[in-house]
Amino acid sequence: MIVSLDLKKELWLNCGQAPLNTKIVGGEAATAGAWPWQVSLHITCNGNLCYCGGSLINKDWVLSAAHCLQGFGTSDIMMYFGHLRRSGLNPHETNRTASRIIIHPTYNNPKHDNDIALLQLSSSVTFTDYIRPVCLAAAGSKFAAGTETWVTGWGKLQSGGSFPDILQEVQVPVVSNSDCYNAYGGCLLCIVRDINAKCLSIQGDSGGPMVSRNGSLWIQSGIVSFAWAKCDDPRYPGVYARVSQYQDWIITNIASNPPRFVEFNNYGFRSSFNLFLFSISLTFSVIPFTFSLYRST
């Protein structure tokens, strides 16, 4: 089927919209459709079921963390969209297997440099109010200390706590790079390089999104990668992959249908629609961090 440029543009401009999200502040169980790009990855690992998060970035691709997927094949992974509860019915849900896994070529385990990965869906998903893609932070985006962000997932919200059944949401501020370095500077696996990582003060679901709202759009700035064991201690913020540093890598790998990148700062945003029409060479950097899958009990 030949898709017109106007239709491509319409689909591409559809990112970052969450018509059922009315949240302003707070941290609690999410409601259906509040975070329509949230993906639940169910991974078969050593005969057990492990979980990670991800984000839908267009109708064919999901963004997640490399450490969630390293060592697994496409047959080990099932992705759920419109997923709210781990148990019970999810009437707005659909699922897909993966046809391709792309782990960043210089992802380094155990150092966990470049902890970012892409999954291609076995078939396209249809957008609804409950299933929509998120916009991605473009190169040059600025998230100053104190910037309000939201983290979503089924991960623990407190050290030693249990994993929730319903998708959780929490609003937290960005922590300055200097505070982040002071917290982790003595740990070889946890060093935060000044320009390459983001820190938050809450643990989220590994591989899942960190997003901020700018006008009518939700923009993903981070991927959950590292959280200290004392994740509920404000001295130990969580560390997130800086999505904007990987714009070139993402576009290169899914050039035929690139997601929408939007430049974010504390005063406004600028859409980079030209990336949909033209090939642009950008640079990206290295990000060190670590985290782990969690297994069902």
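This text follows the structure it describes.
Quick caveat, the model's predicted, so the values are computed rather than measured.

Trainee: Explain the overall build of the protein chain to me, using residue names and the numbers behind them.
Mentor: Helices and strands together make up the secondary structure of the protein chain, namely 5 helices and 17 strands. In the protein chain, buried positions account for 53% of the 297 residues. Residue pairs in contact within the protein chain that sit at least 24 positions apart in sequence constitute 73% of those at least 6 positions apart. Carbon together with sulfur atoms contributes 52% to the accessible area of the protein chain, which is approximately 12700 Å² in total.

Trainee: An account of the state of the cysteines is needed here, citing residue identities and associated values.
Mentor: The tally for this structure, following the rule as stated, stands at 3 disulfides. The disulfide partner of Cys45 is Cys50, and the gap between their sulfur atoms is 1.8 Å. Here the disulfide of Cys45 and Cys50 is right-handed, its torsion about the S-S bond being about 80 degrees. Residue Cys45 is classed as buried on the basis of its relative accessible area of 3%. Among the residues examined, Cys50 registers a relative accessible area of 3% and is labelled buried. Between the sulfur atoms of Cys52 and its disulfide partner Cys68 the distance amounts to 2.1 Å. Across the S-S bond linking Cys52 and Cys68, the dihedral sits near -80 degrees, which makes this disulfide left-handed. With a gap of 16 residues between them, Cys52 in strand E3 (residues 48-58) and Cys68 in helix H2 (residues 66-69) connect regions that are remote in the sequence.

Trainee: How would you explain the side chain of Gln168 if you had to name every residue and give the values?
Mentor: For Gln168, the position within the fold is in strand E10 (residues 168-173). In terms of polar contacts, Gln168 uses its side chain to reach the backbone carbonyl oxygen of Ile166, at 3.0 Å.

Trainee: Break down the packing of aromatic side chains for me, citing the residues and quoting the values.
Mentor: Using the criterion set out here, one finds 5 aromatic pairs in the structure. On the numbers, 6.4 Å between centres and 45 degrees between planes, the contact of Trp37 with Trp218 is tilted. Here Trp218 lies in strand E13 (residues 217-226) and Trp37 lies in the loop between strand E1 (27-29) and strand E2 (38-45), a separation of 181 residues in the sequence. Here the aromatic residues Trp35, Trp37, Trp150 and Trp218 are joined through ring pairs into a cluster of three or more. Stacked on the ring of Tyr51, the Lys or Arg Arg86 has its end atom at 3.9 Å from the ring centre.

Trainee: How would you summarise the environment of Arg132 if you had to cite specific residues and measurements?
Mentor: Relative to the helices and strands, Arg132 resides in the loop between strand E7 (117-121) and strand E8 (135-137). Judged by relative accessible area, Arg132 falls into the buried class, the value being 16%. In this structure, the C-alpha to C-alpha distance between Arg132 and Gly82, residues 50 residues apart in sequence, is 8.8 Å. Apart from residues no more than four positions distant in its own chain, Arg132 is found in contact with Asn14, Gln17, Pro19, Pro36, Trp37, Leu56 and Phe127.

Trainee: Give a detailed account of the pairing of E2, specifying residues and quantitative values.
Mentor: Regular strands have side chains that alternate between both faces of the sheet. Counting buried positions along E2 yields 7 of 8 residues, so the element is predominantly enclosed. Here 8 bridges tie E2 to E3, and the two strands are oriented antiparallel to one another. Each residue of the ladder has a partner; that of Cys45, found in E3, is Asn48. Hairpin geometry of E2 and E3 is characterised by an intervening segment of 2 residues between the two adjacent antiparallel strands and by a positive phi of about 55 degrees at Asn46.

Trainee: Mind laying out the pattern of salt bridges, listing which residues take part and the relevant values?
Mentor: Overall, the coordinates contain 3 salt bridges when judged by the stated rule. The partner of Arg85 in a salt bridge is Asp165, and the shortest N-O contact between them spans 3.8 Å. With Arg85 in the loop between strand E5 (77-81) and strand E6 (94-103) and Asp165 in the loop between strand E9 (148-153) and E10, this pair connects stretches of sequence that are 80 residues apart. Assessed through its relative accessible area of 28%, Asp165 is described here as partly exposed. Arg132 is the salt-bridge partner of Asp129, the closest N and O atoms lying 3.0 Å from each other. Relative accessible area serves as the criterion here: at 32%, Asp129 is assigned to the partly exposed category.

Reading the values: rules and limits
Residues numbered from 1 in each chain as written. Predicted model: local features only at pLDDT ≥ 70, side-chain atom pairs only at ≥ 80, totals over all residues. Heavy atoms only, no water. Helix = DSSP H or I, 4+ residues; strand = E, 2+ residues; numbered from the N terminus. Buried < 20%, exposed > 50% of the residue type's maximum accessible area, 1.4 Å probe, protein only. Contact = heavy atoms within 4.5 Å. Areas by Shrake-Rupley, 256 points an atom, 1.4 Å probe, with all protein chains shown as cover. Disulfide = S-S within 2.5 Å. Polar contact = N/O pair within 3.5 Å; in protein donor to acceptor, adjacent residues only side chain to side chain. Phe/Tyr/Trp six-rings, centres within 6.5 Å; stacked < 30°, edge-to-face > 60°. Lys NZ or Arg CZ within 6 Å of the ring centre and 35° of its normal. Pairing = 2+ DSSP bridges. Salt bridge = Lys/Arg side-chain N within 4 Å of Asp/Glu carboxyl O.

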